[in-house]
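Read off the chains here:
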Amino acid sequence: VALDTSRSMTSKFSCATRLAAAVTYVAIARRDLAGLSLFDRRLHTHLAAARGRAHLHQALARLSAVRTGESSNLENVFSELAHRVRPPAFVVVISDFYSPGFGLDGLDLLASRGLDPAVVQIVSDDEAEPTLPEGCRLTDLEGPGSTRANLASYRQRFSRMTSDISSHCRAHGMPFVQLRESTS
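Caption draft 1: Inspection of the overall build of the protein at higher detail. Looking only at helices and strands, the protein has six helices and eight strands in total. Written out in order from the N terminus, the α and β elements of the protein read β-α-β-β-α-α-β-α-β-α-β-β-α-β. A compact globule built from 184 residues would reach a C-alpha radius of gyration of about 16 Å, and the protein, at 16 Å, matches this within 12%. Projected onto its principal axes, the C-alpha positions of the protein cover 55 × 35 × 25 Å. Evaluated residue by residue, the protein yields a buried proportion of 41% over its 184 residues. Sequence-distant contacts, at least 24 apart, represent 74% of the contacts inside the protein between residues at least 6 apart.

Caption draft 2: Fine view of the sheet that holds strand β1 (residues 2–4). Across the sheet, which stays open at both edges, the six strands sit in the order β3-β2-β1-β4-β5-β8 with mixed pairing between neighbours. With partners counted over all chains shown, the strands left at the sheet margins are β3 (43–50) and β8 (176–180), one partner each. Across the sheet, the mean angle separating the axes of adjacent strands is 15 degrees when strand polarity is ignored. Here β1 runs beside strand β2 (residues 34–39); their pairing, made up of three bridges, is parallel. Among the inter-strand pairings, Asp4 is bridged to a residue of β2, identified as Phe39. Each of β1, β2, β3, β4 (89–95) and β5 (115–123) is contacted by helix α3 (residues 74–84), which is oriented at about 30 degrees to β3, the strand it contacts most.

Caption draft 3: Just the pairing of β3, in detail. Taken together, the five bridges between β2 and β3 define a ladder with antiparallel strand orientation. For Leu38, the partnering residue across the bridge sits in β3 and is Thr45. If you look at the hairpin formed by β2 and β3, you'll find three residues sitting between the two strands.

Caption draft 4: Inspection of the environment of Tyr154 at higher detail. For Tyr154, the location among the structural elements is in helix α6 (residues 151–171). Sequence separation between Tyr154 and Pro130 is 24 residues, and the spatial gap between their C-alpha atoms is 8.8 Å. Apart from residues no more than four positions distant in its own chain, Tyr154 is found in contact with Tyr98, Glu127 and Pro130. A polar contact of 2.7 Å, which involves the side chain of Tyr154, links it to the backbone oxygen of Glu127.

Caption draft 5: Focus on the packing of aromatic side chains. Within the structure shown, the criterion is met by two aromatic pairs. Their ring planes at 70 degrees and their centres at 6.1 Å tell us that Phe39 and Phe78 sit as a pair that is edge-to-face. Residue Phe39 is located in strand β2, and its partner Phe78 is located in helix α3; the two are separated by 39 residues in the primary sequence. Judged by relative accessible area, which is 0%, Phe78 ranks as buried. An angle of 25 degrees between the planes, with centres 6.0 Å apart, marks the rings of Tyr154 and Phe158 as stacked.

Caption draft 6: View of the environment of Leu110. With respect to the helices and strands, Leu110 occurs in helix α4 (residues 104–112). Since its relative accessible area comes to 0%, Leu110 is described here as buried. In the structure, Leu110 is positioned 40 residues away from Glu70 in sequence and 23 Å away in space, judged by C-alpha atoms. With near-sequence residues (within four places) excluded, Leu110 lies in contact with Phe78, Leu81, Ala82, Leu115 and Pro117.

Caption draft 7: View of the state of the cysteines. Within this structure, the stated rule accounts for zero disulfides. Free of any disulfide, Cys15 has its nearest cysteine sulfur in Cys169, 18 Å distant. Using a relative accessible area of 0% as the deciding quantity, one classes Cys169 as buried.

How each quantity is defined
- Residues numbered from 1 in each chain as written.
- Predicted model: local features only at pLDDT ≥ 70, side-chain atom pairs only at ≥ 80, totals over all residues.
- Heavy atoms only, no water.
- Helix = DSSP H or I, 4+ residues; strand = E, 2+ residues; numbered from the N terminus.
- Rg over C-alpha atoms; globule rule 2.2 N^0.38 Å.
- Buried < 20%, exposed > 50% of the residue type's maximum accessible area, 1.4 Å probe, protein only.
- Contact = heavy atoms within 4.5 Å.
- Pairing = 2+ DSSP bridges.
- Axes fitted to C-alpha atoms, helices over the stretch in contact; angles between N-to-C directions.
- Polar contact = N/O pair within 3.5 Å; in protein donor to acceptor, adjacent residues only side chain to side chain.
- Phe/Tyr/Trp six-rings, centres within 6.5 Å; stacked < 30°, edge-to-face > 60°.
- Disulfide = S-S within 2.5 Å.

Dropping the structure here:
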């Protein structure tokens, strides 16, 4: 399980950590290997895949202690993961994918190294269906600066991002699901 702990995940973090815990639990309960990687712009924690109750407790303790951090850099993180995780392995990536290029080249790198990425995009209701007053000032949590809200433009960019990630995953045989944090 690779969990994005970047600043933009703050409002979705409870949902994301619960999902990571559930996936880890199910893998270990099935007597499969399970590992845990926590990242923002760099890989902070990499708990190598293992079995057993002690390993589950170690993974859950790390998930309980983790907090959101800096901006994300999915390409760099996925490159490092591709070299740390031994194939064959199923890598469940849990992120909002708010990073330049959405991390798609990094997902391809994981696949090219014999890993099998599954993509879970976590979004908040406010991201999917914003209800802000037109023209209010917005601050980008992942990058510098702020801008005035243009909801039509934002909705178009959000839709394009989701479509790009979904289409890429489908074209490369990677499972993809978008989850709303409110459904957790």
